[in-house]
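Residue-level structure breakdown
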Amino acid sequence: QVQLVESGGGLVQPGGSLRLSCAASGITFPIINMGWYRQAPGKQRELVATIDRFGGTNYADSVKGRFTISRDSAKNTVSLQMNSLKPEDTAVYYCKMRDTLQRDRWGQGTLVTVSS
């Protein structure tokens, strides 16, 4: 079974950094892209960053210059380096992958809290 396991969430002070990681297992079809999404309390889930199989990236305007998405294709992992964190970055962050059958798989989410 396909599983996405996220790690790295936690409490961090404004201006601090966190690195989120997501490892995919049980993959039976090639991954065409992976990404990070987040959902703040009372808000809809939004795209944070994606990376495709060729290394192309896409970022939400709100995180450009602060967050960096990367992947290790051999390990089927994707990471999100988050710097200069702001209170408005507080959310549950979800890892997502899409395979060549256009199937989306989601991780369980990891909570990031930015507060002093």
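Our subject in this report is the structure included herewith.

Rules and cut-offs
- Sequence order as written defines the numbering, with residues in each chain counted from 1.
- The model is predicted, so local features are restricted to residues of pLDDT at least 70 and side-chain atom pairs to those at 80 or more, both for listing and for counting; the totals for chains, interfaces and linings are taken over all residues.
- Hydrogens and water molecules were not included; the side-chain quantities draw on all heavy atoms of the structure.
- Labels follow the DSSP assignment, with helices taken as runs of H or I lasting at least four residues and strands as runs of E lasting at least two, numbered in each case from the N terminus.
- Relative accessibility decides the category of a residue: with a 1.4 Å probe and only protein chains considered, values under 20% of the type maximum give buried, values over 50% give exposed, and everything between is partly exposed.
- Contact between two residues is taken to exist if any of their heavy atoms lie within 4.5 Å; hydrogens are not considered.

Within the secondary structure, D89 is located in the loop between β8 (77-82) and β9 (91-99). On the accessibility criterion, D89 (0% relative accessible area) is buried. Non-local contacts of D89, meaning those with residues more than four positions away in its chain, are made with R38, R66, F67, S84, V112 and V114.

Another point: unusual backbone geometry. Unlike most non-glycine residues, N76 shows phi in positive territory, near 55°. With respect to the element layout, N76 can be found in the loop between β7 (67-72) and β8. On the basis of relative accessibility, which here comes to 25%, the residue N76 falls in the partly exposed class. Look at Q102: it is not a glycine, yet its phi comes out positive at around 65°. Here Q102 shows up in the loop between β9 and β10 (104-106).

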